[in-house]
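These are the residues of each chain, in order.
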Amino acid sequence: MYSELEIKLFKQRFHGAVNINGIDFQIHYALNIALNLLSVEEPLGSITLEGIEDLDLQPIKAGNVYVQVKTSNTSWHLCQLSEPLINFISQNKTTGTENSFQLVTDFEQRESIKKLFSKNYSLAEKANLVDDILKCKPLKDKRITRTQLETVILNTEIQSTTKQSLIEDSKRKFVLLLDIHPDEAENFLLSFLYKFIDWSVERKTITKANIHDFKNRFSENKARSQEFEAYGSGLIDRISWREDSLPKEYFEGKKTRFGHIALGLDVRRTKWLNKIQEIFGKTRICVIREASGQGKSTLALRYAYDFWNHEYSFAIKAVETVEHSEQISNYLKSLSELGLPVNVLIDDVNHTKSHFSKTIQNCAGYPINFLITSRNDDFYHFADSSLVNSGLIFPIFDIDEAKLIFEKFRKEGKIHHDVISSDWAFEKISSPKCFIEFIFLITQGQMLEERLVEQVRVIQRNNQNDKIDFLRKVLLADACKTPININRLIISEVSTIDYQTIIQSTDNEFIYLEDSYIRGYHWVRTSHLLRILHDSYSNPAITALKTVALIEDNQKPVFLGNLSKIPDFDVEVLIGNFNYIADKTDLKTYLAFLSGIFKIGEYLFFLRNKEVYQEAYDKFNEGVLFLFNAKFLPTQGIDLFSLFGDNPNFREAKELSDMITITQRGF
């Protein structure tokens, strides 16, 4: 029942540091016996867990009973009893008394072993069996005497059971002894199991009070998590691994979805999966960072599917404020405090997840893993400096991986008949080599851009100019990480355009709707489309001026600032044509325009000098960047208010600016 889950628990908790074969049975037996403390009258009853490899239990109540739990795929022969018998004899020597022992196994014992420990036979009737055991090499090496062996045999009982029986019995005890609701027994078992693993590593002595304390924390944190789920679903979701109904979209250069991974459409990139696993063996934070189209999301989703417990894996959808980060982190911590194996995916860092670093910082000290994917520039823009040196991997797509992917798809019959070989396809895609472009080419038989050109030409031949204009706006907005709200579009645009028909005809091909926002698919696909849609047309800067009014006010600086990353965008065209919309521009939009222009200028300045900045950073540290900025930051005063004369929208702001007192600044 829990076999696969427990393997993941052990891998996550101990990073492969122990042999997990049989440990799950030992843990479940110890957990089950620990619950007997709840029915014991003496308040001082306890169980001591002697490490994760051998769970030997100290007395539960009056009388000394030591239990050793063993697992095997087959029944034992007599000499395999050597280890537990030697342990029991050693315990007698240590305490100086005759103790009682119990040997518990997950397999049925042979008749000879049953007879050896049976109370229905005398030592004389067991003499031949005792003789045979004394001949076993481990006992001979330890010089075990007949008297020592017979003393232990007389005081040892054997028991055979199964892990499933232990699980069912533990759930029954939760209900009877802890008043856990039957519907919650399975969740409580998972939570308690996770905590019990920690206790076993700590070699903790467990008391009745420990179990009741855990139950109380479970109830409190369960209530907290349920309270969050009532209002916080828009920020974070449990990952759903339901098989996707549109598998072909994985091969068409659209965004990889969880259901694509569940269907096994991707190719396991073993080298990078191992690197992620290695990082999680050292830290709780792993960042997959690279340019668009390198398969970051696919890699992260595959890792989550293969290595994480599916029931307690989450994806952060939005964390735009400090309040969001606190809500999410409190929820995650409440689940972690339940003892649950919490893992979190933060896919595609952008302004909607701008406070993701704060969420991670809030969870410091909790056993919560974070797997993050981000384009290089977005990571530098949104990540806190404390994450810069987190576990990083940069999954570059190379010819070796191309050959592995090609061979897998060939065996599955997914290679297009026009594709000659992996080498041919790899050479055909442009540099830097793009993972999703390669997938598209070998499965569809043509370059992604060629397919998109054909589709756009069909729209143009049908004179569907409204659709072309619609796609330019919504794809540009989404590429700038500020998608347009469909309701704002319909209300703001004073026209007879039937947007419902346009959206229906472009949905699932060029765009898709998510929470009332119009989004493009993968950045690589969208960037191709923007180039094609603006071919033989004005610069994307003109589309930006037509689109800015559709962007939500608080996102306008983001929209304008990200325009510099759009293919073929010309900032001079944007500035030179702003006057055409200036008379219809309110103060907020105007200030957003200025902020955006400033960001564009700084970004272009950085790109032009990126190598110099990188060299300075490598030789010194981030402090040198302050010296650079102090020298080159534009600080010349410009009275932009004069551009708008006596416009009442700007008069109050102008009056406030006149109240500024000029003082010495900086150096």
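Residues numbered from 1 in each chain as written. Predicted model: local features only at pLDDT ≥ 70, side-chain atom pairs only at ≥ 80, totals over all residues. Heavy atoms only, no water.

**Let's talk about the overall build of the chain**
To keep it simple, the criterion reads: Working definition: helices are DSSP H or I runs of at least four residues, strands are E runs of at least two. Numbering for both runs from the N terminus. Categorising residues by exposure relies on relative accessible area from a 1.4 Å probe, with only protein chains included: less than 20% of the type maximum marks a residue as buried, more than 50% marks it as exposed, and the intermediate range marks it as partly exposed. We call two residues in contact whenever any of their non-hydrogen atoms come within 4.5 Å of each other. Each accessible area is a Shrake-Rupley estimate made with a 1.4 Å probe; only the visible protein chains count as cover when residues are assessed.
Broken down by element type, the chain carries 32 helices and 14 strands. Every one of the 667 residues in the chain was classed for burial, and the buried ones make up 48%. Within the chain, contacts between residues at least 6 apart in sequence are counted, and of these 73% link residues at least 24 apart. Put simply, the chain shows about 32800 Å² of open surface, and 50% of that area lies on carbon and sulfur atoms.

**Here's the deal with the packing of helix 3 (residues 82-95) against helix 7 (residues 146-154)**
Defined as follows: Helix axes are fitted only over the stretch in contact, all axes being lines through C-alpha atoms; the angle between N-to-C directions runs from 0 to 180 degrees. The cut-offs work like this: below 35 degrees is roughly parallel, past 145 is roughly antiparallel, 65 to 115 is roughly perpendicular, and the gaps in between are oblique. Only Asp, Glu, Lys and Arg are considered charged in this grouping, and only Ala, Val, Leu, Ile, Met, Phe, Trp, Tyr, Cys and Pro are considered nonpolar; every other residue, Gly among them, is considered polar.
For the pair helix 3 and helix 7, the least separation of the axes is 10 Å and the interaxial angle reads 100°. The orientation of helix 3 relative to helix 7 falls into the category roughly perpendicular. Each of Leu85, Phe88, Ile89, Asn92 and Lys93 in helix 3 lies in contact with helix 7, whose residues at this interface are Gln148, Leu149, Thr151 and Val152. By residue class, the composition of the contact of helix 3 with helix 7 is five nonpolar, three polar and one charged.

**Quick word on the nonpolar core**
Considering soluble globular proteins, one finds that nonpolar side chains tend to be buried as a cluster. Convention followed: We define a nonpolar core as any set of buried Ala, Val, Leu, Ile, Met, Phe, Trp, Tyr and Cys residues linked to one another through side-chain atoms lying within 4.5 Å.
Formed by 69 residues in total, the largest nonpolar core has its most connected members in Ile405, Phe438, Phe470, Phe559, Leu563 and Leu574. Among the elements that line this core, the one with the most residues is helix 21 (residues 465-479), at eight residues. Not counting residues up to four positions away in its chain, the partners in contact with leucine 574 are Ala541, Ala544, Leu545, Leu560, Leu563, Phe569, Phe593, Ile597 and Ile600. Counting residues in hydrophobic clusters, the runner-up holds 60 residues, among them Ile23, Leu235, Tyr312 and Leu332.

**A few points about the packing of helix 5 (residues 127-134) against helix 7**
Just so we agree on the cut-off: Here is the rule for handedness: rotate from the far helix to the near one, and if that takes an anticlockwise turn smaller than a right angle the crossing is left-handed, while a clockwise turn gives right-handed.
Relative orientation of the contacting elements helix 5 and helix 7 amounts to 120°, with a least axis distance of 11 Å. In terms of their interaxial angle, helix 5 and helix 7 are classed as oblique. Where helix 5 crosses over helix 7, the two elements pack in a sense that is right-handed. Listed contacts from helix 7 to Ala127, Val130, Asp131, Ile133 and Leu134 of helix 5 are Arg146, Leu149, Glu150 and Ile153. A per-class count over the contact of helix 5 with helix 7 returns six nonpolar, no polar and three charged.

**Re the pattern of salt bridges**
Condition: We define a salt bridge as a side-chain nitrogen of Lys or Arg found within 4 Å of a carboxyl oxygen belonging to Asp or Glu.
Following the criterion strictly, the structure yields 33 salt bridges and no others. Among the salt bridges present, the one from lysine 137 reaches aspartate 141, with a minimum N-O distance of 2.8 Å. Taken together, the positions of lysine 137 and aspartate 141, both in helix 6 (residues 137-141) and four residues apart, correspond to about one turn of that helix. A salt bridge links aspartate 398 to lysine 271; the nearest nitrogen and oxygen atoms lie 3.7 Å apart. Here lysine 271 lies in helix 12 (residues 270-280) and aspartate 398 lies in the loop between strand 11 (391-393) and helix 17 (399-411), a separation of 127 residues in the sequence. Look at lysine 271 and you get partly exposed, because its relative accessible area is 40%. One network of salt bridges, with partners in common, ties together Asp244, Glu249, Glu252, Lys254 and Arg257.

**Here we look at the side chain of threonine 352**
The line we're drawing: Within 3.5 Å is the distance limit for a polar contact, defined as a pair of N or O atoms, with the added protein rule that one can donate a hydrogen and the other accept it, and that residues adjacent in sequence qualify only through two side-chain atoms.
Mapped onto the secondary structure, threonine 352 falls in the loop between strand 9 (343-346) and helix 15 (356-362). Residue class for threonine 352 comes out buried when judged on its relative accessible area of 16%. For threonine 352, the side chain forms a polar contact with the side chain of asparagine 350, separated by 2.4 Å. Once residues within four sequence positions are removed from consideration, threonine 352 is found in contact with Lys317, Ala318, Val319 and Glu320.

**Overview of the sheet that holds strand 12 (residues 484-485)**
Our working rule: For two strands to pair, DSSP has to find at least two bridges joining them.
Across the sheet, three strands lie side by side as 12-14-13; this open sheet has antiparallel pairing. Strands at the two margins of the open sheet, each flanked by one partner only, are strand 12 and strand 13 (511-514). Note: strand 13 against strand 14 (residues 517-520), four bridges, orientation antiparallel. Residue pairing across strands places glutamate 514 opposite tyrosine 517, the latter belonging to strand 14.

**Section: helix 25 (residues 540-547)**
Of all eight residues in helix 25, six are buried; the element is thus mostly enclosed. Of all the residues in helix 25, the buried ones are Pro540, Ala541, Thr543, Ala544, Leu545 and Thr547.

**Some remarks on the environment of isoleucine 279**
If you trace the backbone, isoleucine 279 turns up in helix 12. Each C-alpha atom, one on isoleucine 279 and one on leucine 392, is 8.0 Å from the other, the two residues being 113 residues apart in sequence. Discounting residues that sit within four places of it in the chain, isoleucine 279 has contacts with Ile285, Cys286, Gly391, Leu392 and Ile393.

**Describing the side chain of aspartate 478**
Relative to the helices and strands, aspartate 478 resides in helix 21. The buried category is assigned to aspartate 478, whose relative accessible area is 13%. Excluding its chain neighbours within four sequence positions, the residues that come into contact with aspartate 478 are Pro483, Ile518, Arg519 and Gly520.

**Observations concerning the confidence of the model for the chain**
Stated formally: Residue-level confidence of the predictor is what pLDDT reports, using numbers from 0 through 100.
Summarising the model, the chain shows a mean pLDDT of 82, and 84% of its residues fall at 70 or more. Here helix 1 (residues 3-14) stands out as the least confident element of the chain, with mean pLDDT 49; strand 9 is the most confident, with 96. Note on residues 1-5: pLDDT under 50 across the span, and 11 contacts to partners over four residues away in sequence or across chains. Across residues 51-63, where pLDDT falls below 50, the model places 51 contacts with residues more than four positions away in sequence or in other chains.

**Thoughts on the pairing of strand 10 (residues 369-374)**
Formally: Looking down the strands as they point away from you, a crossover is right-handed if its path from the first strand over the helix to the second goes clockwise.
The element strand 10 is largely enclosed, with a buried count of six among its six residues. Going residue by residue along strand 10, you find Asn369, Leu371 and Thr373 tucked away on one face and Phe370, Ile372 and Ser374 tucked away on the opposite face as well. Pairing analysis gives five bridges linking strand 7 (residues 285-289) to strand 10, with the strands arranged parallel. Across the sheet, residue valine 287 finds its bridge partner in strand 10, namely isoleucine 372. Of the strand pairs in this sheet, strand 9 and strand 10 are connected by four bridges, and their pairing is parallel. Note that in strand 10 the partner of isoleucine 346 across the bridge is isoleucine 372. Regarding topology, helix 15 serves as the crossover connection from strand 9 to the parallel strand 10, and that connection is right-handed.

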